[in-house]
Amino acid sequence: GAVVSQHPSWVICKSGTSVKIECRSLDFQATTMFWYRQFPKQSLMLMATSNEGSKATYEQGVEKDKFLINHASLTLSTLTVTSAHPEDSSFYICSVPELWRIPYEQYFGPGTRLTVT
Amino acid sequence: QKEVEQNSGPLSVPEGAIASLNCTYSDRGSQSFFWYRQYSGKSPELIMSIYSNGDKEDGRFTAQLNKASQYVSLLIRDSQPSDSATYLCAVKGSNRGSTLGRLYFGRGTQLTVWP
């Protein structure tokens, strides 16, 4: 299946600063990537769909101005958490669907753990 | 609203036993179903996918799908302590009203296999 990397694997930042998380598809070109957030003991919550060459699609309740997504190339999507606050501390995970393959499968990156102090 | 429900757990079984995980879904048009395993502090790992009614076996894992009942399950035979994790059921939404490729996840069932 798809090989997906994320960077950094963990980050600690101060309240009010911005943090950028990278998601890379290492072995094929991904026109679509998904960004999830997961709080402790809770399930995955889809935040947004990242589309190469166009604007991201955000889920209801997710602030697009706070969580900036840029899918500038077919192998890289970035999520920037702007003006981070302690409540943004969470596990952020991207995934890449193999849309070219029928039936398709979806693979996750290793995740980025964000702690805002 | 496309919902995916899992038995809440936690589920605890002895080593060597069969662990049974269940999942129901609301979108009758769904065609693709997945089981992910998530260890504590890690991201989900795809362990099984199933698309046709019936059983699909892969080693100690068997996925079962019944589209008429909108039900999918995962059986783990000869459970090992290393199987202790949270198991997430995921359903690919039918194309109507869904982002292409989007998965809908259940809340997960935590499995503990004790020696």
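Residues numbered from 1 in each chain as written. Chains lettered and ligands numbered in written order. Predicted model: local features only at pLDDT ≥ 70, side-chain atom pairs only at ≥ 80, totals over all residues. Heavy atoms only, no water.

What follows covers the side chain of A:Thr112. All names here are of chain A. Looking at the secondary structure, you find Thr112 in strand 11 (residues 112–116). Overall, Thr112 belongs to the buried group, its relative accessible area being 0%. In terms of polar contacts, Thr112 uses its side chain to reach the side chain of Gln6, at 3.2 Å. A polar contact is formed between the side chain of Thr112 and the backbone oxygen of Pro8, at a distance of 2.5 Å. In contact with Thr112, other than residues within four places in its own chain, are Gln6, His7, Pro8, Ser9, Val11, Ile21, Ser90, Phe91 and Tyr92. (Helix = DSSP H or I, 4+ residues; strand = E, 2+ residues; numbered from the N terminus. Buried < 20%, exposed > 50% of the residue type's maximum accessible area, 1.4 Å probe, protein only. Polar contact = N/O pair within 3.5 Å; in protein donor to acceptor, adjacent residues only side chain to side chain. Contact = heavy atoms within 4.5 Å.)

On to the sheet that holds strand 1 (residues 4–7) of chain A. Residues and elements named next belong to chain A. Ordered by their spatial adjacency, 4 strands build an open sheet running 1-3-8-7, and the pairing between neighbours is antiparallel. Unpaired on one side and paired on the other, strand 1 and strand 7 (67–73) mark the two borders of the sheet. For this sheet, the mean angle separating the axes of adjacent strands, direction not counted, is 15°. (Pairing = 2+ DSSP bridges. Axes fitted to C-alpha atoms, helices over the stretch in contact; angles between N-to-C directions.)

Once that is clear, we can look at the interface of chain B and chain A. Each partner contributes to the interface: chain B provides 20 residues, whereas chain A provides 22 residues. Taken together, both faces of the contact between chain B and chain A bury some 1700 Å²; the carbon and sulfur share is 59%. Among the residues of chain B in contact with chain A, B:Ser43, B:Arg102 and B:Phe105 are the three that bury the most area, contributing 25% of the side total. At the junction of chain B and chain A, the tally comes to 1 salt bridge. A salt bridge links A:Glu59 to B:Arg102; its shortest N-O distance comes to 2.8 Å. At the level of secondary structure, the elements contributing two or more residues to the side of chain B that touches chain A comprise strand 4 (32–38), strand 5 (45–50), strand 9 (85–92) and strand 10 (103–105) of chain B. Examining the composition of the side of chain B that touches chain A, we find that 3 residues originate from one element, strand 4 of chain B, more than from any other. Within the side of chain B that touches chain A, the residues separate by chemical class into 9 nonpolar, 7 polar and 4 charged. (Buried area = accessible area lost by both parts, 1.4 Å probe. Salt bridge = Lys/Arg side-chain N within 4 Å of Asp/Glu carboxyl O. Nonpolar A, V, L, I, M, F, W, Y, C, P; charged D, E, K, R; others polar.)

Okay, the nonpolar core next. Grouped burial of nonpolar side chains is what soluble globular proteins tend to show. Counting residues in hydrophobic clusters, the biggest one holds 43 residues, and the most contacted among them are A:Tyr36, A:Phe67, A:Leu114, B:Phe34, B:Tyr36, B:Leu103 and B:Phe105. Here this core gets 5 residues from one element, more than from any other, and that element is strand 9 (residues 90–97) of chain A. Setting aside residues no more than four positions away along its own chain, A:Tyr36 makes contact with A:Leu44, A:Met45, A:Leu46, A:Met47, A:Phe91, A:Tyr92, A:Ile93, A:Ser95, A:Gln106, A:Phe108, B:Leu103 and B:Phe105. (Core = buried A, V, L, I, M, F, W, Y, C linked by side-chain atoms within 4.5 Å.)

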